[in-house]
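Residue-level structure breakdown
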Amino acid sequence: MPKTPETKNYVRSLARFLRRSIPARGHVRVRRVNLGKHYGDSVPGMIWLNARASVSSQCDTLVHEWAHQLVPVRRVEHTREFWIAQGKVYQQFLEWLAAYRIDDPREEE
Ligand SMILES: [Zn+2]
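Report on the accompanying structure. (Residues numbered from 1 in each chain as written. Predicted model: local features only at pLDDT ≥ 70, side-chain atom pairs only at ≥ 80, totals over all residues.)

**Here's the deal with the overall build of the protein chain**
Counting its secondary structure elements, the protein chain contains 3 helices and 3 strands. Going from N to C terminus, the protein chain has its helices and strands arranged as α-β-β-β-α-α. When each of the 109 residues of the protein chain is scored for burial, the buried share is 27%. Here the contacts in the protein chain between residues at least 6 apart in sequence split such that 50% fall between residues at least 24 apart. (Helix = DSSP H or I, 4+ residues; strand = E, 2+ residues; numbered from the N terminus. Buried ≥ 20, exposed ≤ 12 C-beta atoms within 10 Å, placed from the backbone. Contact = placed C-beta atoms within 7 Å.)

**Description of the nonpolar core**
Counting residues in hydrophobic clusters, the biggest one holds 17 residues, and the most contacted among them are Leu14, Ile47, Cys59, Leu62, Val63, Trp66 and Val89. Broken down by secondary-structure element, the contributors of at least two residues to this core are α1 (5-21), β3 (46-50), α2 (55-70) and α3 (80-99). Residue contributions to this core peak at 6 residues, all from α2. (Core = buried A, V, L, I, M, F, W, Y, C linked by C-beta atoms within 7 Å.)

**Observations regarding the pairing of strand β1 (residues 29-33)**
Residues of β1 alternate between two faces, with Val30 and Arg32 buried on one and Arg29, Arg31 and Val33 left unburied on the opposite face. Here β1 runs beside β3; their pairing, made up of 5 bridges, is parallel. Bridging across to β3, arginine 29 finds its partner in methionine 46. (Pairing = 2+ DSSP bridges.)

**Things to note about the sheet that holds β1**
Pairing between sheet strands relies on hydrogen bonds along the backbone, with the strands arranged either parallel or antiparallel. One open sheet holds the 3 strands; their spatial order is β1-β3-β2, and the pairing between them is mixed. On the outer flanks of this sheet lie β1 and β2 (40-43), each paired with one strand and no other. Put simply, the sheet's adjacent strands are angled 15 degrees from each other on average, direction ignored. Sheet contacts for α2: β1, β2 and β3; angle to β2, the most-contacted strand, approximately 20 degrees. (Axes fitted to C-alpha atoms, helices over the stretch in contact; angles between N-to-C directions.)

**Notes on α2**
For α2, with 16 residues, the first-to-last C-alpha span of 23 Å sits near the 22 Å given by 1.5 Å per residue. Every buried residue belonging to α2 is among Val55, Gln58, Cys59, Thr61, Leu62, Val63, Glu65, Trp66, Ala67, His68 and Gln69, and all of these are buried. (Expected span 1.5 Å × (residues − 1).)

**Let's talk about the pairing of β3**
Where burial is concerned, most of β3 is hidden: 4 out of the 5 residues are buried. Direction of pairing for β2 relative to β3: antiparallel, over a ladder of 4 bridges. Bridge assignment links serine 42 to a residue of β3, and that residue is isoleucine 47. A loop of 2 residues connects β2 with β3, the two strands running antiparallel in sequence, and glycine 45 in this loop sits at a positive phi of about 90 degrees.

**Re the environment of arginine 12**
Note that arginine 12 resides in helix α1. With 12 C-beta atoms counted inside 10 Å, the residue arginine 12 sits in the exposed group. Along the chain, arginine 12 and arginine 31 lie 19 residues apart, while their C-alpha atoms are 9.5 Å from each other.

What follows is the structure, encoded as structure tokens:
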């Protein structure tokens, strides 16, 4: 399941949507790699998602890591400002689902 083209397309589509709808300060690259037990990671301008995770996990992690792009800090800090940003990104995630008429992938499992 994890490495299907469908998963890749979902994640790419969501990344494209976020770049347009809630842009970060610069271009953000999204790579899907094997991260072992971790769901994702990011530094300014770069997000890594675990390609072995389910499509729902990858989309959820992309929302989280995108919020880090909006509120960059040196260390991973989940400040109040961060959670407000994540709420805004999540709202765009819902817009993406509606715009593409995709069933919520979280209901697949
Ligand atoms: Zn985080």
